[in-house]
Amino acid sequence: MPTLDLPYAAEAELSLSYDELEVLRLQYEKELGQNHVTIQTRFNYAWGLVKSPQHGDQVEGVKLLSDIFRAEPTRRRECLYYLALGHYKMRNYREARDFNALLLEKEPNNLQAQSLSQLIEKADMRESYIGMALLGGVAAVGAVAIASLVRRSRK
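None of these values were measured; they are calculated from a predicted model.

A.B. asks: So what exactly am I meant to see when it comes to the overall build of the chain here?
C.D. replies: The number of helices and strands found in the chain is six helices and zero strands. The buried share of the chain, taken over its 155 residues, is 38%. Sequence separation of 24 or more characterises 59% of the internal contacts of the chain that already satisfy a separation of 6 or more. Accessible area for the chain stands at about 9,800 Å²; split by element, carbon and sulfur atoms hold 58% of it.

Here it is in structure tokens:
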């Protein structure tokens, strides 16, 4: 995919304020207390949780979106992007890529999904480089330790 600077997934880095999320939480809890939570309320709350900077909120948001995705076929398309976004924010890049790919299969011209795809690839690549650097550092320390032991045993 060509590298384009698409601004459409900017919300990947934006969070809701505590007050904004609290409004969604209160509505969800109110309906939960009435034993009837509408799909729209669940979706709105899940959306807000995914956009939270708190990892635990993101996990809960992805769980709610997954439940909606499975139970409500008419809402699957709108869940795909936020499932991909939630996994991206939690650094689950494989899952983020999978959900985003499903969305792009259905909507290949979706600029938001294309932009998120670029963010996922960049983040995954960055994590891979960090992992390789750490592994290289551990290997170097291990080699020095072994060389030191071998040198001592020869004395």
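A.B. asks: How do you make sense of the side chain of Thr 41 when you look at a structure like this?
C.D. replies: Summarising the element assignment, Thr 41 is placed in helix α2 (residues 39-50). Every residue in contact with Thr 41, bar those within four places of it in the chain, is listed here: Gln 27, Tyr 28 and Glu 31.

A.B. asks: Would you mind going over the pattern of salt bridges with me for this structure?
C.D. replies: When the charged atoms of two side chains lie near each other, side chains of opposite charge can form a pair. Tallied over the entire structure, the rule returns six salt bridges. The shortest N-O distance in the salt bridge between Arg 25 and Glu 22 comes to 3.3 Å. Highlighted residues: Arg 25 and Glu 22, both in helix α1 (residues 18-33), separated by three residues, approximately one helical turn. Since its relative accessible area comes to 21%, Glu 22 is described here as partly exposed. Put simply, Lys 63, Asp 67 and Arg 70 are held in one network by salt bridges that share partners.

A.B. asks: Looking at this structure, I do not really get the packing of aromatic side chains. What am I missing?
C.D. replies: Per the counting criterion, the structure on display carries five aromatic pairs. Consider the rings of Phe 43 and Tyr 82, whose centres lie 6.0 Å apart with planes at 80 degrees: the pair is edge-to-face. Of this pair, Phe 43 sits in helix α2 while Tyr 82 is found in helix α4 (residues 76-89), placing the two residues 39 residues apart along the sequence. The buried category is assigned to Tyr 82, whose relative accessible area is 14%. Relative to Phe 99, the ring of Phe 69 has its centre 6.3 Å away and its plane inclined at 85 degrees; by these criteria the two rings are edge-to-face. Here Phe 99 lies in helix α5 (residues 93-106) and Phe 69 lies in helix α3 (residues 55-71), a separation of 30 residues in the sequence.

A.B. asks: Looking at this structure, I do not really get the side chain of Arg 75. What am I missing?
C.D. replies: Along the chain, Arg 75 falls in the loop between α3 and α4. Those residues within four positions of Arg 75 in sequence are excluded, and the remaining contacts are Ile 39, Gln 40, Phe 43 and Ile 68.

A.B. asks: Could you clarify how one ought to interpret the packing of α2 against α4 in this entry?
C.D. replies: Helix packing geometry: the angle between the two helix axes and the distance between the axes. Two elements in contact, α2 and α4, have axes separated by 9 Å at closest approach and are oriented at 25 degrees. On the basis of the axis angle, α2 is roughly parallel to α4. In this structure, α2 meets α4 at a crossing whose hand is left-handed. On α4, the residues touching Phe 43, Trp 47 and Val 50 of α2 are Glu 78, Cys 79, Tyr 82, Leu 85, Gly 86 and Lys 89. In the contact of α2 with α4, the residues fall into six nonpolar, one polar and two charged.

A.B. asks: Looking at this structure, I do not really get the nonpolar core. What am I missing?
C.D. replies: A general trend in soluble globular proteins is that nonpolar side chains are found buried together. Counting 35 residues, the largest nonpolar core has Tyr 45, Leu 65, Cys 79, Leu 83, Leu 85, Tyr 88 and Leu 116 as the members making the most contacts within it. Mapped onto this core, the elements with two or more residues apiece are α1, α2, α3, α4, α5 and α6 (111-154). A total of eight residues in this core trace back to one element, the largest contributor, which is α4.

A.B. asks: It is not clear to me how α4 should be interpreted in this structure. Could you clarify?
C.D. replies: Given 3.6 residues to a turn, an α-helix orients residues that are three or four positions apart in the same direction. A rise of 1.5 Å per residue sets the reference length of α4, with its 14 residues, at 20 Å; its end C-alpha atoms lie 20 Å apart and thus fit the reference within 8%. Of the residues making up α4, those classed as buried are Cys 79, Leu 80, Tyr 81, Tyr 82, Leu 83, Ala 84, Leu 85, Gly 86, His 87, Tyr 88 and Lys 89. Once α4 finishes, Arg 91 follows within two positions and takes phi at roughly 70 degrees, a positive value.

Conventions adopted
Residues numbered from 1 in each chain as written. Predicted model: local features only at pLDDT ≥ 70, side-chain atom pairs only at ≥ 80, totals over all residues. Heavy atoms only, no water. Helix = DSSP H or I, 4+ residues; strand = E, 2+ residues; numbered from the N terminus. Buried < 20%, exposed > 50% of the residue type's maximum accessible area, 1.4 Å probe, protein only. Contact = heavy atoms within 4.5 Å. Areas by Shrake-Rupley, 256 points an atom, 1.4 Å probe, with all protein chains shown as cover. Salt bridge = Lys/Arg side-chain N within 4 Å of Asp/Glu carboxyl O. Phe/Tyr/Trp six-rings, centres within 6.5 Å; stacked < 30°, edge-to-face > 60°. Axes fitted to C-alpha atoms, helices over the stretch in contact; angles between N-to-C directions. Parallel < 35°, antiparallel > 145°, perpendicular 65-115°, else oblique. Left-handed = near helix turned anticlockwise from the far one by under 90°. Nonpolar A, V, L, I, M, F, W, Y, C, P; charged D, E, K, R; others polar. Core = buried A, V, L, I, M, F, W, Y, C linked by side-chain atoms within 4.5 Å. Expected span 1.5 Å × (residues − 1).

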